[in-house]
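What follows is the residue order along each chain.
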Amino acid sequence: MVALPELPTPALVLSLEVLERNLATMSAARPGSRLRPHVKAHKCLGIARRQVEAGHHSFTCATPLEVVGMARAGVGSDLLLANETVDSHRLAAMAAAERESGITVTVAVDSTVTVDLAAAAGLRHVLIDVNVGLPRCGCAPEEARSLAERAQAAGLTVRGVMGYEGHLMTVPEEDKPRKVKACMSSLVEAFDSLVDVTGEECRIISAGGTGTYHVFDNDDPVLGRINEVQAGSYALMDSSYGAQPLPFEQALYVVGTAVSTTSRDSGSWAVIDVGLKSLGMDHGNPYIDEATVWFCSDEHTTFSMNDGSLPAIGERVAVRPAHIDPTIALHADIHVVPRWGEEVTEVWPVELRHW
Ligand SMILES: Cc1ncc(COP(=O)(O)O)c(C=O)c1O
């Protein structure tokens, strides 16, 4: 798949053709505002711009820097920080980015503290973040209305609710709709409890990710109420999502170089210069086609080819990361090839790294 003899490694390499195919598949399933692509999965304005070309104008962000970077670059028209921050400087930076760009900025809130800080920073829009089962951020569904009232009293517009069912992204397909529906019932109830607080501007029920985007069946009385899905990984993919029956292909690899090989009667192995410092490892070992990964260390991955062969020293090896989001965050640039097997034609910076 990769020749790229001049490329210093480890390096991210993206197939534009596969990226475009993934974007088209998703935008056919969830066109326009029915998808709020998550920027954290690529942190790259070049990819966000292509998501705009695919018809999406509202985006999900995980960090204030992603919000400010998208607003300053004029990408999208509606940015959501789907995350809590209590850093007054960063909240003020997002408010300033909204004023300067004219792009709507909305932040998630799940406590009186986050509501009051958003108002004090000069932000204008919030979503009430509701805990739907993942032990992370989000208020209890029954607290959503009082938070909305507090936000309204502080001069903030409550645009709706969000709830992230991250614990269900990789459950078996046959259980997914039922389990997601149980979570979404509480999100929809929370929305119904507060919808009259702000009135017409309160419309958003935001949830979901790459592992669940397909269960929000329009005809279902609960799942059909989710009017935007926050999927991000679908654009580039990783080996965790690749193991699921999803219609997206691996669009990005971490390319390494074979730096050492060992051949013994008891077994042979090869070592490439891709390791813990260039791979997000929280979902386990990366994947190499037709090989078995033994382990990763700081700067290396040790593996054996399933047919007993060895790569030549200096040969390029493509590694599929197990988790795309933290992998991207470790790199400064994405090297773009039009198609697998072709030369790098563009380098896209990962502009939205850090916080
Ligand atoms: C708030 C939120 N929404 C949505 C997602 C979905 O992302 P993915 O497409 O990777 O499943 C995530 C991922 O962690 C998230 O944190």
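Structure's up top.
A brief look at the structure comes next. (Residues numbered from 1 in each chain as written. Predicted model: local features only at pLDDT ≥ 70, side-chain atom pairs only at ≥ 80, totals over all residues. Heavy atoms only, no water.)

Let's talk about the nonpolar core
Burial of nonpolar side chains together is a common tendency in soluble globular proteins.
And step 1. Among the nonpolar cores identified, the biggest contains 98 residues, and Leu14, Ile128, Met184, Leu236 and Ile334 are the most heavily contacted of them.
And step 2. Broken down by element, the residue count for this core peaks at 9 residues, all from helix α7 (residues 176-198).
And step 3. Residues contacting leucine 14, with those up to four places away along its chain left out, are Leu19, Ile47, Leu236, Ala251, Leu252, Ile334, His335, Val336, Val337, Trp340 and Trp348. (Core = buried A, V, L, I, M, F, W, Y, C linked by side-chain atoms within 4.5 Å. Buried < 20%, exposed > 50% of the residue type's maximum accessible area, 1.4 Å probe, protein only. Helix = DSSP H or I, 4+ residues; strand = E, 2+ residues; numbered from the N terminus. Contact = heavy atoms within 4.5 Å.)

Observations concerning the packing of aromatic side chains
And step 1. With the rule as written, the count across this model stands at 4 aromatic pairs.
And step 2. Ring centres of tyrosine 213 and phenylalanine 248 lie 5.4 Å apart, and the angle between their planes is 55 degrees; on these two criteria the pair is classed as tilted. In this pair, tyrosine 213 is assigned in the loop between β7 (204-207) and β8 (228-229) and phenylalanine 248 in the loop between α8 (239-242) and β9 (252-264), connecting sequence segments 35 residues apart.
And step 3. Since its relative accessible area comes to 9%, tyrosine 213 is described here as buried. (Phe/Tyr/Trp six-rings, centres within 6.5 Å; stacked < 30°, edge-to-face > 60°.)

Overview of the packing of helix α1 (residues 16-29) against helix α2 (residues 45-53)
And step 1. Close contact between α1 and α2 brings their axes to 10 Å; oriented N to C, the two are set at 45 degrees. Relative to α2, the element α1 lies oblique. For the pair α1 and α2, the crossing hand works out as right-handed. Across from Leu16, Leu19, Glu20 and Leu23 in α1, the residues of α2 making contact are Ile47, Arg50 and Gln51.
And step 2. Taken together, the residues of the contact of α1 with α2 sort by class into 4 nonpolar, 1 polar and 2 charged. (Axes fitted to C-alpha atoms, helices over the stretch in contact; angles between N-to-C directions. Parallel < 35°, antiparallel > 145°, perpendicular 65-115°, else oblique. Left-handed = near helix turned anticlockwise from the far one by under 90°. Nonpolar A, V, L, I, M, F, W, Y, C, P; charged D, E, K, R; others polar.)

Thoughts on helix α5 (residues 112-120)
And step 1. Burial in α5 covers these residues: Thr114, Val115 and Ala118. For α5, the arc enclosing every buried residue in end-on projection is 105 degrees, short of the 170-degree limit, so these residues lie on one face.
And step 2. At the C-terminal side of α5, glycine 122 shows a positive phi close to 90 degrees. (Arc of directions from axis to C-beta.)

Observations concerning the site of the ligand
And step 1. If you check the shell around the ligand, you find 13 residues, and the closest are Lys40, Thr210, Gly232, Ser233 and Tyr241.
And step 2. Contact distances for the ligand include 2.9 Å between an oxygen atom and a side-chain N or O atom of arginine 136.
And step 3. A distance of 3.2 Å separates an oxygen atom of the ligand from a polar side-chain atom of tyrosine 164.
And step 4. For the shell around the ligand, the per-class residue count stands at 4 nonpolar, 7 polar and 2 charged. (Near = heavy atom within 4 Å. Polar contact = N/O pair within 3.5 Å; in protein donor to acceptor, adjacent residues only side chain to side chain.)

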